[in-house]
Amino acid sequence: MQQIRSCFLLILFALFTAQAQQPKKLNSSEIYEAIQKLNVLGSVLYVAAHPDDENTRLISYMANEKKARTAYLSLTRGDGGQNLIGPEIRELLGIIRTQELLAARRIDGGEQRFTRANDFGYSKHPDETLEIWNKDKVLADVVWAIRTFKPDVIINRFDHRTSGRTHGHHTSSAMLSMEAFELANDASKYNEQLNYTSTWQPKRLFFNTSWWFYGSQENFEKADKSNMINFDVGVYYPMKGLSNNEVASLASSQHLCQGFGRLSQRGSQDEYVEFLKGDPLDGNNDIFAGIDTSWNRVEGGKAISDILLPIEQNFDFKDPSSHLPQLLRAYKMLQNIKNEHWKTIKSQEIKDIIQACAGLYLEASANSSSATPGSEIDLRLEVLNRSSATILLDAYTLTGLNNPVSKNISLESNTRFNFEEALTIPEDTEYTSPYWLKEKGTLGTYKVPDQELIGLPETPRALFAEFNLTINNIPIAFKKPIVYRYSEPDKGELYRPFEIVPPVTSSIKDKVFIFENDQQKDIEVTVRAGKDNVDGYVQMAYPDNWSVYPKQQKVSIANKGDIQTLVFTVIPPKNQSEGYISPMVVLDDGIYTDELIEIDYNHIPFQTVLLPSESKVVRLNISKRGNNIGYIEGAGDVVPESLRQIGYNVTMLQPEQITPENLKQFDAIVTGIRAYNVVDELKFKQKYLLGFVEQGGNLIVQYNTSRGLVTDDYAPYTLKLSRDRVTDETAEITILEPEHPLLNFPNTITQSDFKGWVQERGLYFPDEWSEEYTPLLSSNDKGESSKKGSLVVAKYGKGNYIYTGLSFFREFPAGVSGAYRLFTNLLSAGKENINTDQKITD
């Protein structure tokens, strides 16, 4: 019974991944395609490491041309990447990228799976990756994915034979897939999983190769392809009015936070897969060769096929409801087959088709987007039959109601029925938040105690409405998540997921507070009510050698959703120190310490996340010269906010504001990460920036990638960017020029300033430069040569041009003291003789 439940949970996610969007209503062409898919019992699992690694051409081809059930297993959620559309990094970026994957799958027709592996950042070797991930746990998750999805064919995106030659996560994903191929069928391995599912042996494993893995098209043309098969993934789908590669382009363009928006493609395009293991192909060019993907693969399936195939062959596009009697008969027969896996999958598919053919509209919408456990909400249920079929609404059941609500209503054609219900949220309902973030994990692995949650793209919804119908004398139930449907004058009808939230949450806007001296700072705490009539008080948790007053403050909020802002004064110690402060809201029923974070982008559903509410406080001994900084935003970071924390006046510069006259007001100009990749206007404005340096200013250029530079003249002298990086955040730093002013003024930089860094030392360092540049630091990952391009400086005219690949954009949000001290030196370059010394230490 547990095995059935586990499979059903996975199917629910195939249904409700669009739960925050307007429900999809299938047209006749889409119904026909669904019936075609209903008659195919084959499956493909595509395996890679990150969101955006997947080959959407191949996923779309398998799902739409082959009609196979197709899923992408991304081992991570992409937390370690950069974000081109906003400030979210780490866990919050992982949530965005999860939703982008789901958006892509809604387009290309695939499903989505994950493991507990955390994207900890770039890794140069699978040995490092698997050690940090905890190989056994992630391997177990790949086995779990195979056992629950039960693919006939697995296709790896990456080559398992490339250790040390590419991203360690990439190679590891292929290595784990190779190992899991047989382990999934071994009952002695990870046998605790067998309480929920059964063993499974896929038939074949392939590697999705291409010329890229051979270095060039020429090399690939010469390669031995006797062990490969290829197919044209540029096929045209008349039902969609799109070619497969157009569908794929639309799907991959959902990865907007990684800059994957792209032009669509059309026309023939060959895709290659290399056979790795499993049943031999024997010269066949079909990955499913010898695998029965028809209804005949399950006992009792032929009788179902005899009903469904004629529907496909003689589909009535004008009146799909004419097929309801046959579909219902097939559904009834399907309930008697013994293969629980296909029974669960195909039952849901045929129910979706029945609903679409009948034009059934079934919805349960709450009167607000959230509620707390134990509170009451008003529900509006809508039921509508838009066909001539005889349909009865017998009853509906709501989560939390002990008994069904009996109706016994005949649903006359195109007659809408609305029902109102008051629902009390069960007291034991868990708050809505990503399940993989509810407990603290390790650097490489999320902690997920519940086996049945592992791999799911999202946390299961807590509240549902189940509509019990009888159609042509056959009982059938449809389960729908409770949603929040509303409208806005400038946007029309909108949907949001219905969330379960705490009675109260609190937040501090800034996640790091830098105290440049021992002067106190006022810090605002925002308290938000999750229900009406919140009364209690707020107190702060803080480090022993710090002080906060007042000790507590009263909070009283009358209406749900309203906020109250309180100001606490934080007094740092005399000497350098760091720690965390956390607001605690005390109500009669307990203490609440979480923050409610909202993520709202147009291309993904609205997201809410509950995380511990805390901010880092750092008492820092630091000096600076200069005050006015111009910042040219790049791909998105919080560097400007961080510089304001230590007393700089930071002005965000738009491209049109980059003029010689306007730049005169600044002591230094800083370009954001990847600015020369994403700000097209810099190709015209670079001459003014270099002119600013020539007249005595400082220009600090943060990392850019060598691909897609908007100008080759980003530096005054020859400076060639590379892919050099140091991924070990603890890697030893060698100071190459101990006497250089940038390492001594106004702060003396020592080895201690490189302690406590997070995720990496830096990335995309230059590896070639002219003699005008002086490299200041050297570092390397284990077993590699020294990389000297993390920080280079050149005198240009009266000023300084500084290029740095050090990951300040990661270190500042983490409150890394040494990163602030070093960056302040970069901003203060050349100002040793200026008398306006701004000493910000006592």
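Scroll up a little and you will see the structure.
Bear in mind the structure is a predicted one, so any value in this text is a computation, not a measurement.

Participant: Could you clarify how one ought to interpret the overall build of the chain in this entry?
Facilitator: From N to C terminus, the chain includes 18 helices and 45 strands. Relative to a compact globule of 842 residues, whose C-alpha radius of gyration would be 28 Å, the chain shows 30 Å and is just as compact. Overall, the C-alpha framework of the chain stretches about 90 × 75 × 55 Å when taken along its three principal axes. Across the 842 residues in the chain, those meeting the buried criterion constitute 59%. In the chain, the proportion of contacts linking residues at least 24 apart, taken out of those at least 6 apart, comes to 75%. Element-wise, carbon and sulfur atoms account for 45% of the exposed surface of the chain, whose accessible area totals about 34400 Å². Charge centroids of the chain, computed over 88 positive and 110 negative side chains, lie 1 Å from each other.

Participant: Would you mind showing me how to read unusual backbone geometry here?
Facilitator: Following Tyr549, the chain continues into Pro550 via a peptide bond in cis, with omega recorded as -5°. Of note, Arg90 is a non-glycine position whose phi angle comes to about 50°, a positive value. Among the secondary structure elements, Arg90 is positioned in helix α4 (residues 90-108). Although it is not a glycine, Asn414 adopts a positive phi angle of roughly 60°.

Participant: Please explain the packing of aromatic side chains as it appears in this structure.
Facilitator: Two aromatic rings, taken as a pair, are described by how far apart their centres are and by the angle between their planes. Within this structure, the stated rule accounts for 28 aromatic pairs. Ring geometry for Phe206 versus Phe275: centroids 6.0 Å apart, planes at 70°, classification edge-to-face. Within this pair, whereas Phe206 is found in strand β5 (residues 204-207), its partner Phe275 is found in strand β9 (residues 270-278), the two being separated by 69 residues in sequence. Among the residues examined, Phe275 registers a relative accessible area of 14% and is labelled buried. With a centroid separation of 5.2 Å and 75° between ring planes, the pair formed by Phe515 and Trp546 is classed as edge-to-face. Here Trp546 lies in the loop between β24 (534-541) and β25 (547-549) and Phe515 lies in strand β22 (residues 512-515), a separation of 31 residues in the sequence. We note that Phe515, like Trp546, is buried. By way of ring pairs, the aromatic residues Phe754, Trp757, Phe808, Phe812, Tyr820 and Phe823 are connected into one cluster. Between the NZ or CZ atom of Arg77 and the centre of the ring of Phe114, over which it lies, the distance is 4.0 Å.

Participant: Hey, could you run me through the side chain of Gln36 in this one?
Facilitator: Position of Gln36 relative to the elements: it lies in helix α2 (residues 28-38). Its relative accessible area of 17% is what places Gln36 among the buried residues. In contact with Gln36, not counting residues within four places along its chain, are Lys67 and Glu312.

Participant: Which parts of the structure should I look at to understand the pattern of salt bridges?
Facilitator: Pairing is possible between side chains of opposite charge, provided their charged atoms come close. Enumeration according to the criterion identifies 40 salt bridges in this entry. One salt bridge connects Arg116 with Asp141, and the closest N-O pair in it is separated by 2.9 Å. In this pair, Arg116 is assigned in the loop between β3 (111-114) and α5 (126-133) and Asp141 in helix α6 (residues 135-149), connecting sequence segments 25 residues apart. A relative accessible area of 15% places Arg116 in the buried class. Between Arg485 and Glu363 there is a salt bridge, and its shortest N-O distance comes to 2.7 Å. Note that Arg485 is positioned in strand β18 (residues 483-488) and Glu363 in strand β10 (residues 361-366), a separation of 122 residues in sequence.

Participant: Would you explain the sheet that holds β5 in this entry?
Facilitator: Adjacent strands of a sheet pair through backbone hydrogen bonds, lying either parallel or antiparallel. Spatially, β3-β2-β1-β4-β5-β9-β6 is the arrangement adopted by the seven strands of the open sheet, whose pairing is mixed. At either margin of the open sheet sits one strand with a lone partner, and together these are β3 and β6 (228-232). Neighbour-to-neighbour, the strand axes of the sheet open up by a mean angle of 30°, direction not taken into account. Where strand β1 (residues 43-48) lies against strand β4 (residues 153-156), four bridges are found, and the strand directions are parallel. The residue bridging Val44 from the neighbouring strand is Val153, located in β4.

Participant: Would you mind showing me how to read the environment of Tyr764 here?
Facilitator: Relative to the elements of secondary structure, Tyr764 occurs in strand β40 (residues 762-769). Distance in space between the C-alpha atoms of Tyr764 and Tyr801 is 17 Å, their sequence separation being 37 residues. In this view, Tyr764 contacts Tyr703, Asn704, Thr705, Leu721, Ser722, Arg723, Asp724, Arg725 and Tyr803; residues no more than four positions away in its chain are not counted.

Participant: So what exactly am I meant to see when it comes to α6 here?
Facilitator: For an α-helix, 3.6 residues make a turn, and residues three or four places apart therefore share a direction. Between its terminal C-alpha atoms α6 stretches 21 Å, which fits the 21 Å expected from 15 residues at 1.5 Å a residue. Taking burial as the measure, the 15 residues of α6 include twelve buried ones, the bulk of the element. Among the residues trailing α6, Lys150 stands out with phi positive, at a value near 60°.

Participant: Any chance you could explain empty space enclosed by the protein here in plain terms?
Facilitator: On inspection of all chains with the given rule, the structure shows four cavities of 30 Å³ or more. For the second largest cavity, the calculated volume is near 40 Å³. Lining the second largest cavity, in full, are Thr432, Arg461, Ala462, Leu463, Ile482, Phe498 and Ile500. Tallied by class, the residues present in the lining of the second largest cavity amount to five nonpolar, one polar and one charged.

Participant: Where do I start with the side chain of Lys480 in this structure?
Facilitator: As for its placement among the helices and strands, Lys480 is situated in strand β17 (residues 474-481). Despite its burial, Lys480 pairs with no opposite charge, the nearest such side chain being Asp352 at 5.5 Å. Side chain to side chain, Lys480 and Gln355 meet in a polar contact 3.0 Å long. When near neighbours in sequence (up to four residues on either side) are disregarded, Lys480 contacts Gln355, Leu362, Phe464, Ala465 and Phe467.

Participant: What's the story with the pairing of strand β27 (residues 563-571) in this structure? I'm lost.
Facilitator: Looking along a regular strand, one sees the side chains alternate between the two faces of the sheet. Where strand β23 (residues 521-529) lies against β27, eight bridges are found, and the strand directions are antiparallel. Along β27, the bridge assignment pairs Asp522 with Thr569. Alignment of β25 against β27, held across three bridges, turns out to be antiparallel. Note on β27: the bridge partner recorded for Ser547 is Ile571.

Participant: Would you take a moment to explain the environment of Glu768 for this structure?
Facilitator: For Glu768, the position within the fold is in strand β40. On the accessibility criterion, Glu768 (43% relative accessible area) is partly exposed. Spatially, the C-alpha atoms of Glu768 and Lys788 are 9.6 Å apart, while their sequence positions differ by 20 residues.

Participant: Please explain the nonpolar core as it appears in this structure.
Facilitator: One recurring pattern in soluble globular proteins is that nonpolar side chains are buried together. Counting residues in hydrophobic clusters, the biggest one holds 71 residues, and the most contacted among them are Leu643 and Tyr801. When residues of this core are assigned to their parent elements, the largest contribution, six residues, is made by helix α18 (residues 817-827). Apart from the residues lying within four places of it in its own chain, the contact partners of Leu643 are Ile629, Tyr648, Val650, Phe812, Phe823 and Leu827. Residues Leu38, Leu327, Ile354 and Ile500 belong to the second largest nonpolar core, which totals 59 residues.

Participant: I keep staring at the packing of α4 against helix α9 (residues 244-252) and nothing clicks. Help me out?
Facilitator: For any two helices packed against each other, the geometry is given by the interaxial angle and the distance between the axes. Relative to each other, α4 and α9 sit at 165°, their axes nearing to 8 Å. Considering their axes alone, α4 and α9 lie roughly antiparallel with respect to each other. As α4 packs across α9, the resulting crossing turns out to be right-handed. Contact residues: α4 offers Ala104, Ile107 and Asp108, while α9 offers Val247, Leu250 and Ala251. A breakdown of the residues in the contact of α4 with α9 according to their chemical character gives five nonpolar, no polar and one charged.

Scoring rules and cut-offs
Every chain is numbered independently, its residues counted from 1 as its sequence is written. Local features in this predicted model are restricted to residues whose pLDDT is 70 or higher, and side-chain atom pairs enter the listing and the counts only when it is 80 or higher, whereas totals over whole chains, interfaces and linings include all residues. The side-chain figures draw on all heavy atoms in the structure; neither hydrogens nor water molecules are used. Strands here are runs of E lasting at least two residues and helices are runs of H or I lasting at least four, both read from the DSSP assignment and numbered beginning at the N terminus. Each radius of gyration reported is based on C-alpha atoms, and the globular scaling rule is 2.2 Å times the count of residues to the power 0.38. Categorising residues by exposure relies on relative accessible area from a 1.4 Å probe, with only protein chains included: less than 20% of the type maximum marks a residue as buried, more than 50% marks it as exposed, and the intermediate range marks it as partly exposed. Should any heavy atoms of two residues lie within 4.5 Å, those residues are counted as being in contact. Using a 1.4 Å probe, accessible areas were evaluated by the Shrake-Rupley method; residue-level cover was limited to the displayed protein chains. For this count, His and the chain ends are skipped, Lys and Arg are scored as positive, and Asp and Glu as negative. For this purpose, a charge sits on NZ of Lys, CZ of Arg, CG of Asp or CD of Glu. Working definition: rings of Phe, Tyr and Trp (its six-membered ring) pair if their centres are within 6.5 Å, and the pair is stacked with planes under 30 degrees apart, edge-to-face with planes over 60 apart, and tilted otherwise. Ring-over charges, as used throughout, are those where CZ of Arg or NZ of Lys falls within 6 Å of the ring centre and within 35 degrees of the ring normal. The rule for a salt bridge is simple: a side-chain nitrogen of Lys or Arg has to be within 4 Å of a carboxyl oxygen of Asp or Glu. The pairing criterion for strands is at least two bridges between them, as found by DSSP. The convention used is that axes are lines fitted to C-alpha atoms, helices contributing only their stretch in contact, and that angles between N-to-C directions extend from 0 to 180 degrees. Working rule for helices: expected span equals 1.5 Å times residues minus one. The distinction between a cavity and a pocket rests on a 1 Å grid over the protein atoms alone: a 1.4 Å probe fits inside a cavity but cannot get out, while a pocket stays open yet meets protein on both sides within 12 Å along at least five of seven lines, and a residue with an atom within 4 Å of a point counts as lining. Grid points are joined across faces, edges and corners, and a volume is the space filled by probe spheres set on the points. For this classification, the nonpolar set comprises Ala, Val, Leu, Ile, Met, Phe, Trp, Tyr, Cys and Pro, the charged set comprises Asp, Glu, Lys and Arg, and every other residue, Gly included, is treated as polar. Two N or O atoms count as a polar contact when they lie within 3.5 Å, although within protein this holds only if one can serve as hydrogen donor and the other as acceptor, and sequence-adjacent residues are included solely when both atoms are side-chain atoms. Remark: nonpolar core denotes a set of buried residues (Ala, Val, Leu, Ile, Met, Phe, Trp, Tyr, Cys) joined through side-chain atoms within 4.5 Å. Note on terminology: angles under 35 degrees are roughly parallel, angles over 145 are roughly antiparallel, angles of 65 to 115 are roughly perpendicular, and the others are oblique. Crossing handedness is read from the near helix: turned anticlockwise from the far helix by less than a right angle, it gives a left-handed crossing, and turned clockwise, a right-handed one.

These figures capture arrangement, not role.
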